[in-house]
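Observations on chain architecture
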Amino acid sequence: MRYWRDMFSPRQLLVHAAFVEEYRSLAAEVETELPDHHAAAVLGLLGLVQGGALNYNAIMCSWNVGRAAMRSVFDRHDFSFKWSYAEFEGAEGLFGWAVDQVTEAVDRIAQLLIPGRESWALAGSTISGFESDLRHPVPSVPEISRGSGGSLPQVADGSMTLVCLDPPYYDNVQYGELSDFFGVWEQHTVGGVWRDLMPGGLADLKNEAVANPARFKEFGRRRNELATDDYEAKMQAIFAEAWRILRDDGVLTVMFTHKRAEAWDTLGMALMQAGFSIETSWPVNTESESSLHQARMNSASSTIMLVCRKRLGVPGGNKAFFEDVEAEVRSAARDAARRFEAAGIDGVDLLLATYGPALSVLSRAWPVYSSETDEDGRSRLLRPEEALGAAREEVVRLRKAELVGRDVAFDGITDFVLIAWQTFRAEEFPYDEARRLALAIGGGDVETLAAAKVLDKKAGSVRLLSPKERKRKVYRPVIDGELAGLPLVDILHAVLIEAAESSLGAAKALCDRLRLLEDQRFVDLIQAMVRAVPNTKVKGKWVRPEAEILHQFCTAYLPQVELPEDPASDTLFELD
């Protein structure tokens, strides 16, 4: 696809071009019949119809068999190729549907703006626990402006009670590049009504607040670093402007979710450097279970709502170092993990839910310095990621303690395998979830885990490899007694291979020769794996062979290991 027109079939091009011709013809008539401001409003809304039509009638659309409906071009927030495409009937069905979509949305928005009405009630929600004096009517005339969040000259200093931001999520979505798909068409329709909105039809990618390494490709290996620095600088400018326009008792809310720790590190640094402290945070489930980019995920994806206030005055006292606040960071992470787990937050989202409390501790003491110095021997400002690392360690420690019954320290790769089984309860789970979990645990990234033959990468997902599949990687070093530097899970898998291919007695003899059962960490890992690996049967057969071997081995040789209830009592239905 070298040109924008290549994203449409010839028939689809005809449909969309016909809309442009009809729109221009209608525009001349509307501008003659209606006052200028009225004509602009009507033509602007009609122009928005084009966006829906483009999104649902291109060769990157697909067919959702389960719902018997079209999937849009941007159901995954990227330019994803399709093996085959679905086409919306363009002579009558497409634009009638698109008009209905726009008019319904406009009607709902208009209802929210009726003077004196309570906005929360009109949203169709029931909010309990609020007294009547906390219900505020919406303003009669909303003021809308467009421009950079880093420069709001039309807003007076200290005039805002609330600034609410849903910022770009680091490198997660390249909004400008995606919007050009619409802009090259809409410059001929909406662009003729609001002429300053999209000159040329293309987005201003240079000033977009996203981390886009493609903008720095000429710098080679430094492109990712420069993209991160650019994003952090732009976000800090936006937060600094928010600080300026907020009242001293005002609140800044920031909605953020991202699978990479680097994104949280960058956002946290920008917030704190702009002068904000993070008061609290809440995970909120915001993703549709039916959206394709969230499909096959074993845990709900949440947006983290950060609630911030202006940090006023100059911090006094001695210079703060991370060692001074580390215990409080860990305590905040533990408390948050327990609180949110009790509220039903689980999986990787539980790890992310501790980031806000950890950053909150850091922001109250900011600036905080690392005990390590920079190249010039001066105190180095702490990166938030160092605090987030401590928070992740605390959550992983709590999860392992649940499995073992007490605190225990393994290694990064072993922790990944263990917590992956506990979190997903399945051998296969989405690639992005694996990447988030690896970063959260500190076991490297997905590429490192694939190189260690811990998992197999597939299209959009990963699969944990069984002990049998890992034989070439783990068996010979353990048999030869070369245990130094091996992840503990490799040693356990070698023992399970010996049990499966020889006998339980041979596996016990291997453990005795290597004195493994005298190593409390090894026994703790067995206890944890017994609880983490799904302990189920289908028609009398174990679903997971390693669960069967662990159960038999512990019954024969490790009576101190607490086994789950008889898996025969579990029910799993299967379609013949």
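As shown above, the structure is provided for reference.
From a predicted model like this one, the values you see are computed outputs, not experimental measurements. (Residues numbered from 1 in each chain as written. Predicted model: local features only at pLDDT ≥ 70, side-chain atom pairs only at ≥ 80, totals over all residues. Heavy atoms only, no water.)

1. Focus: the overall build of the chain
Helix and strand content of the chain: 20 helices and 14 strands. For the chain, the proportion of its 576 residues judged to be buried stands at 45%. Carbon and sulfur atoms provide 52% of the accessible area of the chain, an area that totals close to 30,100 Å². (Helix = DSSP H or I, 4+ residues; strand = E, 2+ residues; numbered from the N terminus. Buried < 20%, exposed > 50% of the residue type's maximum accessible area, 1.4 Å probe, protein only. Areas by Shrake-Rupley, 256 points an atom, 1.4 Å probe, with all protein chains shown as cover.)

2. Some details on the sheet that holds strand S9 (residues 379-381)
Spatially, S7-S8-S9 is the arrangement adopted by the three strands of the open sheet, whose pairing is mixed. Two strands lie at the open edges of the sheet, namely strand S7 (320-321) and S9, each paired on one side alone. As paired elements, strand S8 (residues 368-373) and S9 share three bridges and run antiparallel to each other. By the bridge assignment for S9, Thr373 is matched with Ser379. (Pairing = 2+ DSSP bridges.)

3. Structural notes on the environment of Lys537
Tracing the chain through its elements places Lys537 in strand S13 (residues 537-538). Assessed through its relative accessible area of 22%, Lys537 is described here as partly exposed. With 11 residues separating them along the chain, Lys537 and Glu548 place their C-alpha atoms 9.4 Å apart.

4. Observations concerning the packing of helix H2 (residues 36-55) against helix H3 (residues 93-112)
The geometry of H2 relative to H3 is characterised by a closest axis approach of 8 Å and an angle of 120° between their N-to-C directions. With respect to H3, the axis of H2 lies oblique. Along this stretch, H2 crosses H3, giving a crossing that reads as right-handed. Contacts between H2 and H3 pair Leu45, Leu48, Val49, Gly52 and Ala53 from the former with Leu94, Phe95, Trp97, Ala98, Val99, Val102 and Val106 from the latter. (Axes fitted to C-alpha atoms, helices over the stretch in contact; angles between N-to-C directions. Parallel < 35°, antiparallel > 145°, perpendicular 65-115°, else oblique. Left-handed = near helix turned anticlockwise from the far one by under 90°. Contact = heavy atoms within 4.5 Å.)

5. What to know about a nonpolar patch on the surface
Nonpolar side chains collect at one region of the surface, where Leu45, Leu48 and Val106 lie side by side and expose about 220 Å² of accessible area between them. Among the structural elements, Leu45 can be located in helix H2. Under the relative-accessibility criterion, Leu45 is labelled partly exposed at 37%. (Patch = residues over 30% accessible without salt bridge, like charges linked within 9 Å, V, L, I, M, F, W, Y side chains within 5 Å. Salt bridge = Lys/Arg side-chain N within 4 Å of Asp/Glu carboxyl O.)

6. Thoughts on helix H12 (residues 384-404)
Since there are 3.6 residues in each turn of an α-helix, residues three or four apart along the chain are aligned in direction. A rise of 1.5 Å per residue sets the reference length of H12, with its 21 residues, at 30 Å; its end C-alpha atoms lie 30 Å apart and thus fit the reference within 8%. For H12, a buried count of 16 out of 21 residues is recorded, marking the element as mostly surrounded by other parts of the structure. Just downstream of H12 lies Gly405, where phi reads positive at about 105°. (Expected span 1.5 Å × (residues − 1).)

7. Let's talk about helix H13 (residues 412-424)
End to end, H13 covers 18 Å across 13 residues, agreeing with the expected 18 Å (1.5 Å per residue, within 8%). Buried residues dominate H13, accounting for 12 of its 13 residues. Where H13 is concerned, the buried positions are Ile413, Thr414, Asp415, Phe416, Val417, Leu418, Ile419, Ala420, Trp421, Gln422, Thr423 and Phe424. Of the residues that open H13, the one with a side-chain oxygen 3.3 Å from the backbone nitrogen of Ile413 is Asp411. One or two positions beyond H13, positive phi appears at Arg425, with a value near 55°. (Polar contact = N/O pair within 3.5 Å; in protein donor to acceptor, adjacent residues only side chain to side chain.)

8. Some thoughts on the packing of aromatic side chains
Per the stated rule, a full pass over the model turns up 15 aromatic pairs. Here the aromatic rings of Phe88 and Trp97 are separated by 5.5 Å at their centres, their planes lie at 40°, and the arrangement is tilted. Judged by its relative accessible area of 26%, Trp97 falls in the partly exposed class. One aromatic cluster is present, formed by Trp4, Phe8, Phe74, Phe79, Phe181, Phe182 and Trp185 through successive ring pairs. The ring of Tyr369 has Lys319 lying over it, and the distance from NZ or CZ to the ring centre is 4.7 Å. (Phe/Tyr/Trp six-rings, centres within 6.5 Å; stacked < 30°, edge-to-face > 60°. Lys NZ or Arg CZ within 6 Å of the ring centre and 35° of its normal.)

9. Regarding the sheet that holds strand S10 (residues 428-430)
The strand order across the open sheet formed by three strands is S10-S12-S11, and the pairing between neighbours is antiparallel. Each having just a single partner strand, S10 and strand S11 (455-458) make up the two edges of the open sheet. Taking each pair of neighbouring strands and ignoring which way they run, the sheet shows an average axis angle of 25°. Relative to strand S12 (residues 461-464), S11 runs antiparallel, the two sharing four bridges. Along S12, the bridge assignment pairs Lys458 with Ser461.

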